[in-house]
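A look at the structure
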Amino acid sequence: MLILECPYCGVKAEETELSPGYEAHLKRFGPGSSPEEFEAYMFARKNPKGVHFERWRHTYGCGKWFLAARCTATLEVFGTYPAQVSEPPADIIAKILARRPDWKPE
Amino acid sequence: MSTRLTRGGRLIDRTAAVEFSFNGKRMRGFHGDTLAAALLANDQMLVGRSFKYHRPRGIVASGPEEPNALVNLGSGARLEPNQRATTTELFDGLECTSQNHWPSLEFDVGVVNNHVSRFLPAGFYYKTFIHPRPFWKHVFEPIIRRSAGLGKAPTQPDPDRYEQAYAFCDVLVIGAGVAGLKVAKAAADAGQRVILLEQSPTLGGRAPVDQTEVDGQPVETWLSAMEADLAARDNVTIRTRTCGFGVYDHGYVLADERVADHTPGDGRPKHRLWRIRAGRIVSATGAIERPLSFAGNDIPGVMLASAVRDYVVNYAVSPGDRTVIVTNNDSAYQTALALKAAGLDVPAILDAREAADGALPQAARAAGIRVLTGKAIARVKGTKRVTGVAICAQAGEGAVQEEIACEAVAMSGGWSPVVHLFSHCGGKLLWDETISAFIPDPARPPLNHDGSAMVECVGAAAGDLDLTGTPVAIPPVWVMPQGAPIQLRSKMWLDYQNDVKVSDVELASREGYVSVEHTKRYTTLGMATDQGKLSNINGLSVLAETLGQEIPQVGTTTFRPPYTPVTIGALAGEARGEIFQPLRKTPMHAAHEKAGAYFEPVGLWRRPYCFPRPGETHEQAVHREVLNTRQNLGLLDASTLGKIIVKGPDAGKFLDMLYTGVMSTLPVGKCRYGLMCNEQGFLIDDGVVARIDEDTWLCHTTSGGADRIHAWMEDWLQCEWWDWQVYTANVTEQYAQVAVVGPNARKLLQVLGGMDVSKEALPFMHWADGTLAGLPARVYRISFSGELSYEIAVPASHGAAFWAACTQAGKALGAMPYGTEALHIMRAEKGFIMIGDETDGTVIPQDLGLDWAISKKKADYLGKRGQERTFLASPDRWKLVGFETLDGSVIPDGAYVIAEGVNANGQRNTQGRVTSTYYSPTLKRGIAMGLLKHGPARMGEVVEFNTVAGGTVKARVRDTVFYDKDGEKQNV
Ligand SMILES: [Zn+2]
């Protein structure tokens, strides 16, 4: 059972306090987008073995959505950060690279 | 015969005799005995039957790895099947019965399976299931179902209670043998918070039986000093009878404490499930001895060598006067010495190795024991118990050289470190050539959240089999003798409980099962309740040999929690009966109970389905409620309706994105019906929105949808439009809501008094704040029934009072409460859709003829792009229409509209389905709505629905509004 620290309230929350929200940093494609764009947004979600960015909600706590960078293979957590960003912050990228020097951010 | 020795027994208290019964036979033991020890002391060598062949089964082990000695423990409500006699502590009055036999343990009909065993090979179930199918159904299955099955399930509710507790520590040590105790002490010395778990009632592990001294001190002295030291520390918690059975992500460990298994009914919880978060986990779980594969190794009296010395030393139980030892390593010599020391006879030690010159073999020879190297057991003699062994050369094919009479055989095929906990979260194993066993690879442990090692193994669990520091070598001996022919191999048991033999694994391999995971499932090796603790390594070694591969190439099956079986009671804890899950009750719940309501679950809510009167069926009550509401006055507790406040400068813009219609233009004081879709375009919720003031809207959601929709709003606000100034609050439980419905609705509110609810002051789809019956009220003039209708929200604390006022004042106006079923019928009579009936996650609003509620002008809303997909825009989609049967009957729930021809699977083609179908008491006939291909263009056409009975029912396609099409009843 994972522990993720909620970046809003600082609680180190057990997985049962949280709801998963799948891939983070999705770009929404609405009316006017091509079928390919919409398909990619709606259905072609990333599922890497390794470094992954995810959305989580502190459902049974403060209720806030936050983002987590973690390794899906080893369950290491590189960091959590507020959801109000469109890409991972530099300090999170640095933390990942410190442990995964070969990893390349997109 | 097995018997109690007159002296010795370090764990038993001879002054405390205990009475118990086995299969109704009264027996005596001592306090401190395990049930297995006490059974052996009473010469009960035969304790059960195997699963497939019903072969006689005796006690093999002395710990949780025991595959055979499983009993039904207790009786009545406290009956528990599959309890291992080797870990069950004896208590006064214990009752148990043996399992898996019929009609009796001594005489079992199922043993005929044994004689036809060549017709029951590996994969028997799969092969039989495939062909011929009727034979399986009518011949095999009934017989197997009758004769098989381990244990009996209790038929009464469990009278015991179980609890769960959380614990936190820096270091969690699992296993309190010498290695675990040392780690615990070192961590405690370093000031860390330590929890030490031990599955058995006592500390010390195997040391008191296997070692004479620890760190230069007599083992018992060392042990009591260590126990006293740890017990005196504030930062150490020791829990005995507690099995750490599973390691999970990020240092999470579950442990099962058997608090009162040995003191049943004393008021304490039977088990306590510990949910532990540990900074570091140390697995000091020891090693389990392996059996040897020789013909007849399953006959009662053949036991693990370590178990034999446990019974002799710990419980003063002799397995028999004469015990033959058979081994491939030095540790079994300790058993010979222990037996000798107890005054028992060891006719021979058969060592498969060519030479045995270590300290223990020398000590055995010095004690006058006959040691035969290079020897093996050709076969064990006896059926229900051992009567002797036939000896052969290990290097040969089993030619008998000598026979020795004996009552027991103590075997040791080496030791397997207990690597389970290390492996649960992905720790990798190495094959150790020296001890012929898998050991944890310290370089590839399971990882913690920060990338550090989460579990480390110490002591025997790490492969360090001799704590005295002497390197131990255990050469592999997988089959005995090595050239055994099939006649012998088909009598060599790998898995005692599931009856898997060496020959079965070899057959599986010949039939193409090269993966260890597939072989396991095909042969059922290791799939019994012991999860292969004794059989897995022997089985996969046989597989590797047959495949001509190295053992590490073949690999192990995956280790998964729990390490030992955990009773469901412990996992459920207190969450049973009334507190299984929290129920949500409206403020009027007590009044409904008093009125005799029949409740139905709606999510976690309990809502009145109907209010039956004495002598009424539920159906009659529902029909009365519908008619009374349409003719006089009905009262509905609508408090469960979701209520979400959306407020802020950008609230209108936000709601325009959330709903398919426009909410930003809704004037203050008015209500508007709205639809919400997901991004794929499918309808997910509906409800009436009220504009409260310039920057505040109140959104009603479905009863089951409030939490989900509130979370949905927050998701978009926090993660997509985080710069919009909008605040949401789920106020569902802050308000009680009552629907006052029917021709007398306005009259009732006038009687309650306090505000003007006339047609002019409060027109349809308007709301107003005011006072009713002296209580603050917000009145919405909306209708889900087609009648003149008001929904009145009052603060939840006034809900019961307001309901009582309505009921009281309504008496003169013919008021009756109605439930959810009457609500459903009345909305169906009016053709109103219901989320979950007309929608199923694949339906868009356009399918339901709700185009009027979708804005054509808005550039964007959630779901708009999804609805533009070609498939959803197709004119061939099934669309909502009404149906009325030609004979007036009710179309069955879930019925399909059948079409010509059959599909590729030979099933009848379909062209639509019913979504809501009821008997309408108002119209006195069946009415229905449903989705039909090209539906709106087919008015008047007659279509056919299938029925449950297999026939069809004809219905005419019509519009969805069955009652008061012009809306005259609500516009008064
Ligand atoms: Zn939080």
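Keep in mind that this is a model prediction, so the values were computed, not measured.

Okay, the overall build of chain A next. Looking only at helices and strands, chain A has 2 helices and 6 strands in total. In sequence order, chain A lays out its α and β elements as β-β-β-α-β-β-β-α. In terms of overall dimensions, chain A has C-alpha extents of about 40 × 35 × 25 Å along its principal axes. Looking at chain A residue by residue over its 106 residues, the buried ones come to 25%. Looking at chain A alone, contacts between residues at least 24 apart form 47% of all its contacts between residues at least 6 apart.

The next subject is the domain arrangement of chain B. Residues and elements named next belong to chain B. Here chain B is partitioned into domain 1 (1-157), domain 2 (162-288 + 418-462), domain 3 (291-413), domain 4 (476-549), domain 5 (642-733) and domain 6 (874-958). Listed per partner, the contact involves 25 residues of domain 1 and 21 residues of domain 3. Counting residues per element, the ones that place at least two in the side of domain 1 that touches domain 3 are β1 (3-4), α1 (35-41) and β5 (56-58). For the side of domain 1 that touches domain 3, a count of residues per class yields 13 nonpolar, 6 polar and 6 charged.

What follows covers the sheet that holds strand β26 (residues 408-412) of chain B. All names here are of chain B. Read across the sheet, 5 strands follow the order β18-β26-β20-β21-β22 without closing on themselves; strand pairing throughout is parallel. Edge positions in the sheet fall to β18 (302-304) and β22 (371-373), since each has one partner strand and no second. Neighbour to neighbour, the strand axes of the sheet diverge by 20° on average, direction disregarded. With 3 bridges connecting them, strand β20 (residues 323-327) and strand β21 (residues 349-351) associate as parallel partners. Counted as the bridge partner of isoleucine 325 is isoleucine 349 from β21. Helix α9 (residues 331-341) rests against β20, β21 and β26 of the sheet, and its axis sits at about 165° to β20.

Residue and element names in this part refer to chain B. Of all 5 residues that make up strand β35 (residues 633-637), 5 are buried, and the element is covered over most of its length. The side-chain alternation of β35 yields two buried faces, one formed by Leu633, Leu635 and Asp637 and the other by Gly634 and Leu636. Note that β35 and strand β41 (residues 735-741) share 4 bridges and pair antiparallel. Each bridged residue has a counterpart across the sheet, and for aspartate 637 the counterpart in β41 is valine 738.

Okay, helix α20 (residues 651-658) of chain B next. Residue and element names in this part refer to chain B. Within α20, burial applies to Ala651, Phe654, Leu655 and Leu658. Down the axis of α20, the buried set is contained in an arc of 95°. They therefore lie on one face. For α20, the secondary structure elements touched by its buried residues are β36 (642-647), β37 (671-677), β39 (696-701) and α21 (706-719).

Before going further, it helps to spend a moment on the packing of α9(B) against helix α10 (residues 359-366) of chain B. Residues and elements named next belong to chain B. Relative orientation of the contacting elements α9 and α10 amounts to 25°, with a least axis distance of 8 Å. When the axis of α9 is compared with that of α10, the two are roughly parallel. Between α9 and α10 the crossing geometry is left-handed. In this structure, α9 contributes Tyr333, Gln334, Ala336 and Leu337 to the contact, and α10 contributes Leu360, Pro361, Ala363 and Ala364. Its residues placed into classes, the contact of α9 with α10 shows 7 nonpolar, 1 polar and no charged.

This paragraph deals with the UniProt feature "domain: Aminomethyltransferase C-terminal" (unreviewed entry) in chain B. The feature "domain: Aminomethyltransferase C-terminal" (unreviewed entry), as annotated in UniProt, sits at residues 879-964 of chain B in this numbering. Counting secondary structure, residues 879-964 of chain B comes out at 0% helix and 56% strand; the distance between its end C-alpha atoms is 22 Å.

The subject of this paragraph is the confidence of the model for chain B. Averaged over every residue, the pLDDT of chain B is 93; the share at 70 or more is 94%. Both confidence scores are given for the complex: pTM 0.90, ipTM 0.97.

Turning our eyes to something else, we now look at the UniProt feature "domain: SoxA A3" (unreviewed entry) in chain B. As recorded in UniProt, the feature "domain: SoxA A3" (unreviewed entry) lies at residues 490-573 of chain B. Along residues 490-573 of chain B, the helical share is 45% and the strand share 6%, with 45 Å between the first and last C-alpha atoms.

Looking now at the sheet that holds β36(B). All names here are of chain B. Taken in spatial order, the 5 strands line up as β37-β38-β39-β36-β40 in an open sheet, and their pairing is antiparallel. Whereas interior strands pair on both sides, the edge strands pair on one side only; in this sheet they are β37 and β40 (727-730). Each strand of the sheet is rotated relative to its neighbour by a mean of 25°, with strand direction disregarded. Relative to β39, strand β38 (residues 683-693) runs antiparallel, the two sharing 4 bridges. Residue pairing for β39: aspartate 693 is matched across the bridge by threonine 696. Here α20 sits on the sheet in contact with β36, β37 and β39, set at roughly 135° to β36. The sheet contacts of α21 involve β36, β37, β38, β39 and β40, and relative to β40 the element is tilted by about 165°.

Before going further, it helps to spend a moment on the nonpolar core. All names here are of chain B. Residues Leu172, Val173, Ala184, Val194, Ile325, Ile377 and Val409 are the most contacted members of the largest nonpolar core, which totals 163 residues. Excluding residues that lie within four positions of it along the chain, isoleucine 377 makes contacts with Phe294, Val326, Leu350, Val389, Ile391 and Met480. The next biggest cluster of nonpolar side chains, apart from the first, holds 102 residues, and it includes Leu633, Leu698, Ala745 and Tyr861.

Below, the discussion takes up the interface of chain B and chain A. Accessible area lost upon the coming together of the parts is a frequently used measure of interface size. Each partner contributes to the interface: chain B provides 21 residues, whereas chain A provides 21 residues. Of all the secondary-structure elements, those providing two or more residues to the side of chain B that touches chain A are α21 and α25 (864-867) of chain B. When residues of the side of chain B that touches chain A are assigned to their parent elements, the largest contribution, 4 residues, is made by α21(B). Class assignment of the residues belonging to the side of chain B that touches chain A gives a composition of 6 nonpolar, 5 polar and 10 charged.

Moving on: the pairing of β41(B). Residue and element names in this part refer to chain B. Burial analysis of β41 places 7 of its 7 residues in the buried class, the great majority of the element. Because side chains alternate across β41, one face comprises the buried residues Tyr735, Gln737, Ala739 and Val741, and the other comprises Ala736, Val738 and Val740, equally buried. Across 7 bridges, β41 lies against strand β44 (residues 789-795) in antiparallel orientation. Residue alanine 736 lies in a different strand from β44, and its bridge partner there is valine 794.

How each quantity is defined
Residues numbered from 1 in each chain as written. Chains lettered and ligands numbered in written order. Predicted model: local features only at pLDDT ≥ 70, side-chain atom pairs only at ≥ 80, totals over all residues. Helix = DSSP H or I, 4+ residues; strand = E, 2+ residues; numbered from the N terminus. Buried ≥ 20, exposed ≤ 12 C-beta atoms within 10 Å, placed from the backbone. Contact = placed C-beta atoms within 7 Å. Domains from an automatic or database assignment. Nonpolar A, V, L, I, M, F, W, Y, C, P; charged D, E, K, R; others polar. Pairing = 2+ DSSP bridges. Axes fitted to C-alpha atoms, helices over the stretch in contact; angles between N-to-C directions. Arc of directions from axis to C-beta. Parallel < 35°, antiparallel > 145°, perpendicular 65-115°, else oblique. Left-handed = near helix turned anticlockwise from the far one by under 90°. UniProt positions renumbered as here; feature names shortened; annotations may be inferred. pLDDT = per-residue confidence, 0-100. Core = buried A, V, L, I, M, F, W, Y, C linked by C-beta atoms within 7 Å.

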